[in-house]
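# Geometric and topological summary
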There are 2 protein chains.
Amino acid sequence: MKCRKCGGAAVLELRRHNAAFCTPDFLEFFQNQVREAIRKYRMFTRDERVLVAVSGGKDSLALWDVLIDEGYHTTGLYLDLGIFDYSVESKAKCEAFAARRGVELVVSSVAAEVGAPVPVIKDVTRRPPCSGCGLSKRYLMNRVALDLGVPVVATGHNLDDEAATLLGSVLHWQTDALPRQSPALPSTHPRLVRRVKPLYRLSERETAAYAFLKKIDYIVEECPFAKGATSIAHKETLNRLEAESPGAKHNFLLGFLERGRPAFERVEDVVLNECTRCGQVTTGTVCAFCKLSDRVKRSASV
Amino acid sequence: MKCRKCGGAAVLELRRHNAAFCTPDFLEFFQNQVREAIRKYRMFTRDERVLVAVSGGKDSLALWDVLIDEGYHTTGLYLDLGIFDYSVESKAKCEAFAARRGVELVVSSVAAEVGAPVPVIKDVTRRPPCSGCGLSKRYLMNRVALDLGVPVVATGHNLDDEAATLLGSVLHWQTDALPRQSPALPSTHPRLVRRVKPLYRLSERETAAYAFLKKIDYIVEECPFAKGATSIAHKETLNRLEAESPGAKHNFLLGFLERGRPAFERVEDVVLNECTRCGQVTTGTVCAFCKLSDRVKRSASV
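Residues numbered from 1 in each chain as written. Chains lettered and ligands numbered in written order. Predicted model: local features only at pLDDT ≥ 70, side-chain atom pairs only at ≥ 80, totals over all residues. Heavy atoms only, no water.

So, about the overall build of chain A. Secondary structure summary: chain A contains 11 helices and 10 strands in total. In terms of overall size, chain A behaves like a compact globule, its C-alpha atoms giving a radius of gyration of 20 Å where 302 residues would be expected to give roughly 19 Å. Overall size of chain A, expressed as C-alpha extent along the three principal axes, is 65 × 45 × 40 Å. Counting the 302 residues in chain A, one finds 52% classified as buried. For chain A, long-range pairs separated by at least 24 residues make up 71% of all intrachain contacts whose partners lie at least 6 apart in sequence. When the accessible area of chain A is evaluated, it comes to approximately 14,300 Å², of which 50% is carbon and sulfur surface. (Helix = DSSP H or I, 4+ residues; strand = E, 2+ residues; numbered from the N terminus. Rg over C-alpha atoms; globule rule 2.2 N^0.38 Å. Buried < 20%, exposed > 50% of the residue type's maximum accessible area, 1.4 Å probe, protein only. Contact = heavy atoms within 4.5 Å. Areas by Shrake-Rupley, 256 points an atom, 1.4 Å probe, with all protein chains shown as cover.)

In structure tokens:
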């Protein structure tokens, strides 16, 4: 197997691109995909500070790594979810990465902000753990960015993540979720920062290869609550389609962004208010995070 | 397992309806689903003649059977594709069914109309066999209906067929195909009859059970050219989703019809002309059927 660019020995075959690459040329391919994502969606400029949400996993650390190499002004954000050993280890990976690269890492704790860690939130709400966890993460990412004066949050969502979410939305034709699925969500309110996903063009296998080749030390274990999540089943479905027809995931997601999503964009935007309790945006009066936090604290005081 | 309606012994469990039925109550359930389809999409009335396209398989014969029982004025149409023994046997099944029920069956031959049977068309065009076959079937169904003065053609497409087609269109975001996917396509030109799919709410398993319980003698073999068709792969994908989450297919298709399809309906319709050769509708000057037929005849004369 030869590298498509230099003809040297390839380390990785990318069937969907009908290509194979040696290490330096794969790393360049990876960087180019990130550059293309940033350029196409005007995600951020070199003058802006970017808050990179890192979980300690391969995707978010690979993202941070690329952005540092590309000369962007980044700050890492680790949200401590309080999920037993998984959180202890993943935090350590983020801290070690930040120290090694000499970059700033901010840590925010869900237990401190909501009143309890994710495992307790799960029991109090009696909903799937990903529900309260996702809500808390989205809220805290935005709030920390506002507090730091950073205009944009970047997350490590990759092609597999985005295609799986899309499949879930399409199987139920969730016409509310479809227009919100994008590699770049603009700021539609002064108290809402931009959210971008610079890895949306790169598969999970590619981010894993990047992290491996760049010797990034990341947490390999999945979140213990992820087992049985529908997103994992959707990823398996897409992996089978991809095996039969290389490029299936890429065509599904990028075809949606080009031709599907415009059909679902709403003419009138949702009206955003400021939560009367915390000042963050909400479509109601009190935001979902404050309601969750209330419920957790009430339950703890019983 | 007890029948949901009468409490007697059930013969069939329908997980997606969280129900089980005895034979008479299943047959009634089946008929009700067909009635609901006809009513919801105003497919045809008791005053109209309906051309039922029959292949000899379970779906189309079950459809014809229900429509006869419901008192509709039907004529069967068998299109002889000339696919070896498969066509010989499937034609015999249709003729036996028509004789048993005392209904009229019209036979039209692709070899006579196009100039060669499907296996030869496949070789001449060097395209997948389903391509020329589907084109010829759609054309001939419409032409026979026009010749007979019948305003509507009904086909046996079931929930699995429709969901698989939809999955194929969505995976590639074929925005041309998406608005055309409907249980009822109106006549948009005087030389184009309506096309309807009264079984779109019923799964393949349900049409098989109906045919079995009504003792309909149908051809069990699939078309020999169907092997490896992507529609079969898409059905397997959907079957896995259905096994994990009963109702997945139904929600996918019916959710699309309710909330997805309206987003893709084009504001301006395609302009339809009459083919300068045969007079049937085309978006160009000479229709695709006449072009195919020319090509087949030219190749035969070489």
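With that settled, consider the interface of chain A and chain B. Where interface size is quoted, it is often the accessible area lost as the parts come together. Counting from both sides, the interface comprises 20 residues of chain A and, opposite them, 20 residues of chain B. A combined buried area of about 1,800 Å² lies between chain A and chain B, and 70% of that area is made up of carbon and sulfur atoms. Counting across the interface, chain A meets chain B through zero salt bridges. For the side of chain A that touches chain B, the elements supplying multiple residues, two or more each, are helix 7 (159–171), helix 9 (230–244) and helix 10 (248–264) of chain A. Examining the composition of the side of chain A that touches chain B, we find that eight residues originate from one element, helix 10 of chain A, more than from any other. (Buried area = accessible area lost by both parts, 1.4 Å probe. Salt bridge = Lys/Arg side-chain N within 4 Å of Asp/Glu carboxyl O.)

With that settled, the discussion passes to the side chain of Thr155 of chain A. Residue and element names in this part refer to chain A. The residue Thr155 is located in the loop between strand 6 (152–154) and helix 7 in this model. In this structure Thr155 comes out as buried when scored by relative accessible area, which is 10%. Filtering out sequence-adjacent residues up to four positions away, Thr155 remains in contact with Ala53, Leu63, Met141, Val196, Lys197 and Pro198.

Our next topic: the pattern of salt bridges. All names here are of chain B. Taken as a whole and assessed by the stated rule, the structure comprises 42 salt bridges over all chains. One salt bridge connects Arg101 with Asp65, and the closest N-O pair in it is separated by 2.7 Å. Placement of the pair is Arg101 in helix 3 (residues 84–101) and Asp65 in helix 2 (residues 58–69), with a sequence separation of 36 residues. We classify Asp65 as buried; its relative accessible area is 2%.

Positive phi, normally seen in glycine, also occurs at Phe84 of chain B, with a value near 50°. Relative to the helices and strands, Phe84 of chain B resides in helix 3.

Attention shifts here to helix 3 (residues 84–101) of chain A. All names here are of chain A. Compared with the 26 Å implied by 1.5 Å per residue over 18 residues, the 27 Å span of helix 3 between its first and last C-alpha is a close match. Residues Tyr86, Ser87, Ser90, Cys94, Phe97 and Ala98 constitute the buried set of helix 3. Each buried residue of helix 3 lies within a common arc of 95° when the element is viewed along its axis, so the set occupies one face. When the buried face of helix 3 is taken as reference, the exposed residues oriented beyond 90 degrees from it are Phe84, Asp85, Val88, Ala99 and Arg100. Turning to helix 3, the residues buried within the fold contact strand 3 (49–54), helix 2 (58–69), strand 4 (73–80) and strand 5 (105–109). Two residues or fewer after helix 3 comes Gly102, characterised by a positive phi angle close to 65°. (Expected span 1.5 Å × (residues − 1). Arc of directions from axis to C-beta.)

Bringing the packing of helix 1 (residues 23–40) of chain A against helix 8 (residues 204–213) of chain A into the picture now. Two measures define how a pair of helices packs: the angle their axes make with one another and the distance between the axes. All names here are of chain A. The contact between helix 1 and helix 8 brings their axes to 10 Å, and the two run at 125°. Put simply, helix 1 runs oblique to helix 8. Like other packed secondary-structure pairs, helix 1 and helix 8 cross with a definite hand, here left-handed. On helix 8, the residues touching Thr23, Phe26, Leu27, Phe29 and Phe30 of helix 1 are Glu206, Thr207, Ala209, Tyr210 and Leu213. Of the residues that constitute the contact of helix 1 with helix 8, the class distribution is seven nonpolar, two polar and one charged. (Axes fitted to C-alpha atoms, helices over the stretch in contact; angles between N-to-C directions. Parallel < 35°, antiparallel > 145°, perpendicular 65-115°, else oblique. Left-handed = near helix turned anticlockwise from the far one by under 90°. Nonpolar A, V, L, I, M, F, W, Y, C, P; charged D, E, K, R; others polar.)

Further remarks concern the pairing of strand 3 (residues 49–54) of chain B. The side chains of a regular strand alternate between both faces of the sheet. All names here are of chain B. When you tally the buried positions in strand 3, you get five out of six residues, the bulk of the element. In the classification by handedness, the crossover that spans strand 3, the intervening helix 2 and the parallel strand 4 (residues 73–80) is right-handed. Where strand 3 lies against strand 6 (residues 152–154), three bridges are found, and the strand directions are parallel. Paired with Val52 across the two strands is Ala154, which belongs to strand 6. (Right-handed = clockwise from strand over helix to strand, strands pointing away. Pairing = 2+ DSSP bridges.)

Once that is clear, we can look at the relation of the copies chain A and chain B. Superposition record for chain A on chain B: RMSD 0.0 Å, screw rotation 180°, translation along axis 0.0 Å. On this basis, the relationship between the two copies can be described by a two-fold rotation axis. The C-alpha atom lying nearest the rotation axis in chain A is that of Ala263 of chain A; the distance is 2.7 Å. A symmetric contact is evident, with 100% of the interface residues of chain A recurring at the interface of chain B. (Least-squares fit on C-alpha atoms with pLDDT ≥ 70 in both.)

Before going further, it helps to examine the sheet that holds strand 4 of chain A. All names here are of chain A. Taking strand neighbours across the sheet as the criterion, the six strands line up as 5-4-3-6-8-7 in an open arrangement whose pairing is mixed. Either end of the sheet is taken by a strand with one partner, and the two such strands are strand 5 and strand 7 (184–185). As paired strands, strand 6 and strand 8 (residues 194–196) are joined by three bridges and run parallel to one another. Its bridge partner being in strand 8, Val153 is matched across the sheet by Arg195. In this fold helix 2 packs onto strand 3, strand 4, strand 5 and strand 6, with an angle of close to 155° to the strand it touches most, strand 3. Those strands touched by helix 6 (residues 129–148) are strand 3, strand 4, strand 5, strand 6 and strand 8, and its axis lies near 150° from that of strand 3.

Here we come to the environment of Asp176 of chain B. All names here are of chain B. Note that Asp176 resides in the loop between helix 7 (159–171) and helix 8 (177–180). Of the residues examined, Asp176 reaches a relative accessible area of 49% and is grouped as partly exposed. In this structure, the C-alpha to C-alpha distance between Asp176 and Ser293, residues 117 residues apart in sequence, is 25 Å.

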